[in-house]
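Fold and contact review
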Amino acid sequence: MNAITNWSLDQLLEIDPFDLENLVAFLFRKMGYKANVTSRSKDGGVDVEVKLEHFGLSHRWLVQVKRYLNPVGVKEVREYSSLRYREKVDGVIIVTTSTFTEDAYREATEHNVKLIEGQLLVSMLNHYCGDAAKNVSDGVEKNSIASGGAVLKTGESVHLREPATVEGTRLTLVITNRNIYFEQNSGGLFSKKPEISRRIEVRDLVGFSNLKKEILLVVGKKKFEVIRIQPKDILKVLNVLEQLKTDYMRGESLLRLEQAKNNFVILTNRRLATIALGGEESLELKLKNIVGSEVAGSGMFSRQKLIISEVREAVTKHVFEVNDAKGWKNQIDEAVRSA
């Protein structure tokens, strides 16, 4: 790839969506504004907050960044225009790598929404941030040789690259046919060096559960671990994980998962276990050692408890506080019969 001295739409479409938000914030700072990227978990539809303060006068704008190929329509403009009134700001800016429909432009003029389409964004970047284009193009070139910081093995192919918050840290989730990588950028936005902070072999994946806007990954051989992932596009990640089931379900596979108080309760086709939210495994029962199950506590205001009898040298009873204790009992009984 030849050195790129100017920004282009193709280059912007190669940039990670999180980095595009940082790039837009960087652009506004170059233009003399104060600009900050919002927290992913609390953005409320806002990607960047922009302020201009001079001689006691202050203006505040909220920016939404869309890395799109198709035109942005009136629906999106109407949705984000409400931020102006909800957040009590001077206006809203929508930035996209694509274009806007005519209806979107008409809607925007009624609510003081400023629209920056792809070609205008490129012009602004070339004017204010021309020196940064070469550094970002170098990063794109490296990513085409390998998958970011991951060096792929022969026969390994990337199924998905997706921005995600993993245990509170913003990373890039990379899923291949063999591994799950958590990729983290070191250095600044325009001199970023992708590094792999963790690798999980697909064959070590026990299963996953979808809980609202996050995915709980269960991994482990001897001991379980639950990893919380909040991807930007959760449906895309769930679809890829479903496709991988044929690769990891040949071994131990997840049957049921629940977060109960300060523990995760995990049932697989081989064992029943609890893990403290901090990560430490506190109890493990092999299905072959389970000899009985019952549900106790059926009063109107008392929560039902699941009681599991385990035999080793003697019979021991373990109490689990879970939602739908009867459902857990039935599934455990079925798993024990099949083990």
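Bear in mind that the values here come from a model prediction, so they are computed numbers and not experimental data. (Residues numbered from 1 in each chain as written. Predicted model: local features only at pLDDT ≥ 70, side-chain atom pairs only at ≥ 80, totals over all residues. Heavy atoms only, no water.)

**Considerations on helix H7 (residues 234-243)**
In an α-helix, one turn spans 3.6 residues; hence positions three or four apart end up facing the same way. What counts is decided by this rule: Under the scheme applied here, a residue whose accessible area is under 20% of the maximum for its type counts as buried, over 50% as exposed, and between as partly exposed, the area being computed with a 1.4 Å probe on protein chains only. Numbering of helices and strands runs from the N terminus, with a helix taken as a DSSP run of H or I at least four residues long and a strand as a DSSP run of E at least two residues long. Taking the helix axis as origin, the arc is that swept by the directions to the C-beta atoms.
All buried positions along H7 are accounted for by Ile234, Val237, Leu238, Val240 and Leu241. Viewed along the axis of H7, the buried residues span an arc of 165 degrees, placing them on a single side of the element.

**So, the sheet that holds strand E5 (residues 113-116)**
To be explicit about the condition: In this scheme, strands are said to pair when DSSP sees at least two bridges between them. Axis lines are fitted through C-alpha atoms, for helices just across the contact stretch, and the angle between N-to-C directions can take any value from 0 to 180 degrees.
Taken together, 5 strands build an open sheet; the order of strands is E1-E2-E3-E4-E5 and the sheet is mixed. Looking at which strands have only one partner, the edges of the open sheet turn out to be strand E1 (34-37) and E5. Averaged over neighbouring strand pairs, the angle between their axes works out to 20 degrees when direction is ignored. Of the pairings in the sheet, the one linking strand E2 (residues 48-54) to strand E3 (residues 57-66) comprises 7 bridges and is antiparallel in character. Within the sheet, the bridge partner assigned to Val50 lies in E3 and is Trp61.

**Here's the deal with the packing of helix H3 (residues 74-86) against helix H4 (residues 102-110)**
Going by this rule: Roughly parallel covers angles under 35 degrees, roughly antiparallel covers those over 145, roughly perpendicular covers 65 to 115, and oblique covers all other angles. Each crossing gets its hand from how the near helix is turned against the far one by less than a right angle, where anticlockwise is left-handed and clockwise is right-handed. Only heavy atoms enter the contact rule, under which two residues are in contact if any of them lie within 4.5 Å. The nonpolar class holds Ala, Val, Leu, Ile, Met, Phe, Trp, Tyr, Cys and Pro. Asp, Glu, Lys and Arg form the charged class, and all remaining residues, Gly among them, are polar.
H4 packs onto H3 with a crossing angle of 20 degrees between their chain directions and a minimal axis gap of 8 Å. With respect to H4, the element H3 is oriented roughly parallel. Our pair here, H3 against H4, has a crossing hand that is right-handed. On H4, the residues touching Val74, Val77 and Arg78 of H3 are Asp103, Ala104, Glu107 and Ala108. Looking at the contact of H3 with H4 residue by residue, the class counts come to 4 nonpolar, no polar and 3 charged.

**Comments concerning the sheet that holds strand E18 (residues 305-311)**
What holds strands together in a sheet is hydrogen bonding between their backbones, with the strands either parallel or antiparallel. Here we have 3 strands laid out as an open sheet, ordered E17-E18-E19, and antiparallel in their pairing. Looking along the sheet, the strands with just one partner apiece sit at the ends: strand E17 (290-296) and strand E19 (315-320). Taking the axes of each pair of neighbouring strands and ignoring which way they run, one obtains an average angle of 20 degrees across the sheet. As defined by bridge partners, E18 adjoins E19 across 6 bridges and the pair is classed as antiparallel. Pairing of Glu310 across the sheet is with Thr316, part of E19. Contacts from helix H9 (residues 325-338) reach E17 and E18 within the one sheet, and its direction differs from that of E17 by about 165 degrees.

**Let's talk about the pattern of salt bridges**
Spelled out, the test is: The rule for a salt bridge is simple: a side-chain nitrogen of Lys or Arg has to be within 4 Å of a carboxyl oxygen of Asp or Glu.
This model, assessed by the stated rule, comprises 20 salt bridges. A salt bridge links Arg78 to Glu107, with the shortest nitrogen-to-oxygen separation between them at 3.5 Å. Note that Arg78 is positioned in helix H3 and Glu107 in helix H4, a separation of 29 residues in sequence. Arg78 sits in the partly exposed class, given a relative accessible area of 47%. Here Asp333 makes a salt bridge to Lys329, at a shortest N to O gap of 2.8 Å. In this pair, Asp333 and Lys329 are both assigned in helix H9, 4 residues apart and thus about one turn of the helix distant. The structure contains a network of salt bridges with shared partners spanning Glu49, Lys51 and Arg60.

**What about the pairing of strand E11 (residues 214-219)?**
The element E11 is largely enclosed, with a buried count of 6 among its 6 residues. Two strands pair when backbone bridges link them, and strand E10 (residues 205-211) and E11 are joined in this way by 6 bridges, in the antiparallel orientation. Bridging across to E11, Phe208 finds its partner in Leu217. Between E10 and E11, which follow one another and run antiparallel, lie 2 residues, and Lys212 among them has a positive phi close to 55 degrees. Sheet topology places E11 next to strand E12 (residues 225-231); 5 bridges connect them, and they run antiparallel. Note that in E12 the partner of Ile215 across the bridge is Ile229. Taken together, E11 and the strand that follows it, E12, pair antiparallel across an intervening segment of 5 residues, in which Gly220 is found at a positive phi of about 135 degrees.

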